[in-house]
Every structure is written in C-alpha cells, then in structure tokens.
Amino acid sequence: MPAEKVGPNRVMPSESHAIIEKDAYVKLRIGNDGISAHEPISVPTLLNRAARDYPNHPALVHKNANNVSQKVTFSEYKANVYKVAKAFIKLGLQPRHSVGILAFNSPEWFYSELAAIHAGGIVTGIYTTNSADAVYHVLSTSEANIAIVDDSKQMEKVRSIRHKLPHLKAVIQTLPPYEPFVKREDGYYRWSELWEMDVEMYTEELNNRLARMAINECCCLVFTSGTVGNPKGVMLSHDNITWDAFTIGKRLPGIQSGKEVLISYLPLSHVAAQIVDVFLTLQLAVTVYFADKDALKGTLVKTLQEARPTRFIGVPRVYEKIQEKMLQVAAQNSGIKKMIAAWAKSVTLEHHMNIIEGNPQASWQYKIAKNIIMKKVKEALGLDRCHTIANAAAPMSPELKKYFMSLDLPIMDAFGMSETTGGHTLTNPDAYNFNTVGRTLAGTETKIHEPDDKGHGEICMRGRNVFMGYLNEQDKTNETLDEEGWLHSGDIGFVDERGYLYITGRLKELIITAGGENVPPVHVEHLVKNQVPCISNAFLVGDHRKFLTMLVALKTEMDLDSGAPKDELHPETLTFVKSLGLDYTKLSQIHSAGPCPKVLKAIEDGIIRANKLATSNAQRIQKFKLLPHDFSVPTGELGPTLKVKRSVVVKMYTDLIESMYTD
C-alpha cells in the first residue's frame, strides 16, 4: 500500500512484520478480501468519526466532586482530547515518547490516552497496585515525558523515583487532596491547571504531528505482568487497535451504534479494558459510565443499577462475587419463595441447555420464569438491558456459567492476549458450550502448533490484531513471533471440527509430574471448588513432584478500603462450619484449633469426591494444607485483574508446600 503524503491515515513503507523500536514502522497484515482487507484508519480518525456522526450523544458519564452525574458528549469529548493534547505538547511531550497513566478509570484516563496519541506520543498504562520500582520500570523503558496520577499515594510513588527519570518533564495529579510540593515550578501539576493553560499557540504543532502520523507506527504500550523478569512492553499500532475494535464489534450480536451503554471499571492498564472501554466505544459510539474505585470491592452493582448497560465484561472473580451476594440473598428467602426461585432457575437453565443442543423453542414455563421472575432478578442487578455479558482474562468454571445461565444471563467467553490487542476468539449464542472460548474472529487465523495424537498443541494466532513486537526485546520477540507471522501464545488447546477453540492448559503453567503426566491446574482446582463451595481459592502444586498437593483458602469477608481479606468468615463459610456443628465466626478460630480437625475432614471429603471426577490417577490430589488467609491483591497472590500469580504463590508458601512432601 503506497504511503500518503499526510497523516493521520498514511501507511509508511516497511518490509518487516516485527519490530522492537518505537520509532520504526511495521508492515501491516492487510488481507485481500473481507474484514481482513478493511481500510485501515488511525486512532484520531476513530475519534473524529464518532464526534462527526454523534456530536450531541453522551460519550462519558461520571460523578463530579459533589457526587453528581455529569455527561460529556462526543463533540465535547473530542474538544477535551485536543485541549489536553496541546497541553501535553506545551509540557514537553515529544513524538514517540510516552505518557504513563497511573490511575483508576476516569474521563481523565481516556483524555490522556487519546491526547498522548494525537500528539504523536505513546500511551502507557500502569497498574495502581504497582510498587514504585515497577512504576520506574515502565516509565523508564517507555521514556515517559509525562506521568498522570490520580491521587497523592500514586504521586508519591512517582516522586520517589523521579530523580532517576531524565526524560520525565511533568507529573499531573487528577484528584485532590494535593501535597504542598504539587506546584508548577517543580514540574508537578494539578489536572485543573491544564484547562487554565493558554495552549492555542500549539495548534499548528498538533496539526503537524497529526500530519506526520502513520497507521503502522506504535501508539500504545501494554506491559505484560510476566511470570519471570521485568514486564515486557507490548507494542501496538494504530491498525492493531482500530481494526481489532472493528472486528470485535462485527462479532457482537445485535449491536447498534449510538444506542449501547457500557461500564468502565476493569483496570485500563489491561489490554482488554482499553480495547473495549476506550476504542470499541468510539467505534460504536457507546456511552461509557465510570464506576468508582471500590467497584471490585463491592460497589459495582450500584453503578450497574444506575447505568443499566447493554454490554458488560468481567473477569471470573467479579462473577463469583455477584454469585456470592445472590446466594446470600436467596438464603434469606422463605420456603415458598425458595421453591419458586428453584423452579424458575431450573426451567431457565433447561431452556438455554436446549439452545446449545440446537432447540431454541421456548417453553411456556420458561416464558413465565423469564417475564415474571428473572426480569426482577436482572433489574435488581442492573442487567435488565444487557444483551452481551462476557468473561475475559481468565477461564471461568462451567458451574459458574451454569449458575448465571439459570438466571437467564448466559456469559460469553473471550480469549486473547496483550499480544493480540485483546480479542482473538469469542463465543456467541450460535457457537456456545461450557468449555470453548468460541470461534476465531473474522479476518484472523488460529492454528495448533505441533499437535499430539489428540490434536492438542500450542495455540498460534495470526492477523492484523497481532502486535508489532516487544519494545527493545529482540530475543523475546523472535521467540513469540515466527517468520510466517504466527504468534505463539504459550497456551495449550485444540480446535474441534466446528472451529471452536478449547484451552486445556498453559506451557509455562502446565504441571508436569515426575512421572511425565501433563496436568492442567485450573481444571483440577475447579473440581475441588465445586465440591466445597466455601473454598475461595484452590491452588494445585505438583510440578516435577511424585504426586499432586493443594493449598486451600476459605472464603472470608474483604476489607472494602484495602481489598485485603479479613478474619471474619464469609456467610458461605459460616454455613459450612455450622453444618459441622461448629460455632466459629473467624478464620483464626479455625486455625487456633490446630487447624480444626472437623474442618480439615470436610475439605478432605470434598477433595476425595473431586478425585473421583479426575481425568486420570495422576490428576488426583494426595494432600492439602489450609492457608492462613484468602488470596488478594494487597497480600500479593492476585494480580490487578484478579488472576492468580502462580509463581508468586509458590514462592510465598514454599515452606507449607515442602511440608506436604516431607511430612
């Protein structure tokens, strides 16, 4: 494709499908027909188009300092982005340098991301749970000129490392209270000061940068959480982002531009949240509501009830939390209400199971349950308008999917990586079962590398969604991207005769016993949790060991401020211990008994039941230990998207693990 004379929609010449320099251009993987041949556009074009076609439609809805909802139209959205882009140029943002954002989801996050890209820079999200050292790695590697933080806690992290960041010229805090050192002369700014700046003199420079922009250059860095060493910077181009948002939108059933509503609450440092919350919403002119910081600690339902989204995406732990609250409410119902609820859930689940089997005909029982009972359940959850409920970032157990299906809320599964700009496969109503992650998105390809006799092997992906390369990491880029453009995921799986993709394990997480047996830990863990529902986290151990063991954490209440597990038992755990004839209310009481033999015996019985469902004898658990507290982000076992950090858990509980093999 020949290069245009001016941007932002030009494509610069390149011969390479993989690069590691952020000032280089990558060769686009544009196909010959269909979605893969869709005309490439830049991020600024995506915003301009939304503002042109839906100027007065609400784009962003957020709470102001007085907790009053405020709406920002797409026209205002664009104007704010251009204003911030000029301010960034004034503050010293250079082309191909980054703006690091260390903040919870907010309009300021969206403005900063798009402004950085418009000004020829690169946006870099940083998890708010990162340590100062981890923040330094991201800001240093990306050569950040500007850092955006939301509060004084995050500001202090940047301030403590600023002396080691020669490229950093300005740090901007979006929310009060402000420390005394936050003043312009020292390069520390309040967000409100950006709006007070006279930036019109930078309009010409902004236009020049837009004119020099190319679709096949890097505009976004996503740092992977990685299990070994420092996180790698995944380089994403304009085309990676805008094309992936386009093809995801094409897969969603019944989508209507200008009529959709979504909630932004998952960490925007994660690629899935960025693609859905920022770019898919521009692609389809979606109204975005912002949840508050405590969304993952229990306040999400409040935002759901206010926004009533038409599409919703979560991670397994979010759905588990909703289920736990629902079960608590159900436990308080009277006998007749319980009977009615059980009947409604039964016929609703049966209806959806029939759809999976190819029989979509709705029975009169289902119609009654749907229109009278499930309607009220959905309204209480704020999901009464929701057409798509999706799970991403980690696998969800079939039992949890069945629970939501019994509420008339079937959950779609999405699969992808930072390296595929988020989405690569997606389930939908005509391609659904409890184990698949769906079919490959149109315009992309999936293959199984070196399959075994069952067709299982490493999942490889190719398409315009595949990343440019890892920033300054040639060896790791070569390991991940082969010469034919296939991305080697590290995930193990297979594709069935209908084109459904199944994930059965992970190369690095797959447990290989001393006897050479491959064991997918997540599957075994789900079996145990299903047998003992008050287990919050079951962690399988056994790599290069003679047998499998497990670490078990019981459900406890969570501190809403810190997100750390409390000593008080969760209602589901209280019910469990009461069924054993015990009156414990705290986890410490269970442990003070040595731990309590009755509790250990009940968990052991559950593991024995799970072992009977194991695929092979090698996948049976021989021993377990009860942990002193549940997993959480503050205690280190969970990452920002609530996925278990397996290598961290093994290191944290080394002594406990070793005791199971030496006792």
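Description of the overall build of the protein chain
So, point 1. Summing up its helical and strand segments, the protein chain has 21 helices and 28 strands in all.
So, point 2. Against the 2.2 N^0.38 benchmark of 26 Å for 663 residues, the protein chain shows a C-alpha radius of gyration of 25 Å, consistent with a compact globule.
So, point 3. Considered along the principal axes of its C-alpha atoms, the protein chain spans approximately 75 × 60 × 55 Å.
So, point 4. By the burial criterion, 54% of the 663 residues in the protein chain qualify as buried.
So, point 5. Taking the contacts inside the protein chain whose residues are at least 6 apart along the sequence as the reference set, 66% of them involve residues at least 24 apart.
So, point 6. The averaged location of the 75 negative side-chain charges in the protein chain is 4 Å from the averaged location of its 75 positive side-chain charges.

Regarding the side chain of E637
So, point 1. Looking at the element boundaries, E637 is found in the loop between β28 (621–626) and α20 (646–652).
So, point 2. Buried within the structure, E637 lacks any salt-bridge partner; K645 is the closest side chain of opposite charge, at an N-O distance of 8.8 Å.
So, point 3. There is a polar contact of 2.4 Å between the side chain of E637 and the side chain of T635.
So, point 4. For E637, the side chain forms a polar contact with the side chain of Y653, separated by 2.7 Å.

Some words on the sheet that holds strand β24 (residues 535–541)
So, point 1. With mixed pairing, 3 strands are arranged side by side in an open sheet as β24-β25-β28. In this open sheet, the two strands that pair with only one neighbour each are β24 and β28. The sheet shows a mean angle of 25° between the axes of neighbouring strands, direction not considered.
So, point 2. Here β24 pairs with strand β25 (residues 548–554) via 6 bridges, running antiparallel. Looking at the pairing, F539 lines up with L551 of β25.

What to know about unusual backbone geometry
So, point 1. Between P176 and P177 the backbone carries a cis peptide bond, its omega angle lying at 0°.
So, point 2. Within the secondary structure layout, P177 lies in the loop between β6 (170–173) and β7 (188–190).
So, point 3. Positive phi, normally seen in glycine, also occurs at N67, with a value near 65°.
So, point 4. For N67, a relative accessible area of 53% puts it in the exposed group.
So, point 5. Here the phi dihedral of T421 falls at roughly 55°; this positive angle occurs in a residue that is not glycine.
So, point 6. Here T421 is to be found in the loop between β14 (411–417) and β15 (422–426).
So, point 7. Accessibility expressed as a relative area gives 0% for T421, which makes it buried.

So, the packing of aromatic side chains
So, point 1. Inspection of every chain in the model, using the stated rule, returns 14 aromatic pairs.
So, point 2. Between Y265 and F312, the aromatic rings sit 5.6 Å apart at their centres with planes inclined by 5°, giving stacked as the arrangement. Taken together, the residues Y265 in the loop between β10 (261–264) and α9 (271–283) and F312 in strand β12 (residues 311–314) connect sequence positions 47 residues apart.
So, point 3. Residue Y265 is classed as buried on the basis of its relative accessible area, which comes to 1%.
So, point 4. By relative accessible area, which is 4% here, F312 ends up buried.
So, point 5. Within the aromatic cluster, the residues linked to one another by ring pairs are F74, Y77, Y111, W191 and W195.
So, point 6. It is R96 that lies over the ring of Y25; its NZ or CZ is 5.2 Å from the centre.
So, point 7. Above the ring of Y136, the side-chain terminus of K164 is found at 4.3 Å from the ring centroid.

Considerations on the confidence of the model for the protein chain
So, point 1. On average, residues of the protein chain score 92 in pLDDT, and 97% of them are at 70 or above.
So, point 2. Below a pLDDT of 50 lies the segment residues 1–5, which in the model reaches 11 contacts outside its immediate sequence neighbourhood of four places, other chains included.

Considerations on the pattern of salt bridges
So, point 1. According to the stated counting rule, one finds 30 salt bridges in the structure shown.
So, point 2. E193 is the partner of R184 in a salt bridge, and the nearest nitrogen-oxygen pair spans 3.2 Å.
So, point 3. Taking the relative accessible area as the measure of exposure, R184 reaches 35% and is therefore partly exposed.
So, point 4. The salt bridge partner of K401 is D413, with a shortest N-O separation of 2.4 Å. Separated by 12 residues along the polypeptide, K401 in helix α14 (residues 398–406) and D413 in strand β14 bring together distant segments of the chain. Each member of the pair K401 and D413 is classed as buried.
So, point 5. Members of the salt-bridge network, linked through shared partners, are R317, E320, E324, K529, K555 and E572.

Rules used throughout
Residues numbered from 1 in each chain as written. Predicted model: local features only at pLDDT ≥ 70, side-chain atom pairs only at ≥ 80, totals over all residues. Heavy atoms only, no water. Helix = DSSP H or I, 4+ residues; strand = E, 2+ residues; numbered from the N terminus. Rg over C-alpha atoms; globule rule 2.2 N^0.38 Å. Buried < 20%, exposed > 50% of the residue type's maximum accessible area, 1.4 Å probe, protein only. Contact = heavy atoms within 4.5 Å. Lys, Arg positive; Asp, Glu negative; His and termini not counted. Charge placed at Lys NZ, Arg CZ, Asp CG, Glu CD. Salt bridge = Lys/Arg side-chain N within 4 Å of Asp/Glu carboxyl O. Polar contact = N/O pair within 3.5 Å; in protein donor to acceptor, adjacent residues only side chain to side chain. Pairing = 2+ DSSP bridges. Axes fitted to C-alpha atoms, helices over the stretch in contact; angles between N-to-C directions. Phe/Tyr/Trp six-rings, centres within 6.5 Å; stacked < 30°, edge-to-face > 60°. Lys NZ or Arg CZ within 6 Å of the ring centre and 35° of its normal. pLDDT = per-residue confidence, 0-100.

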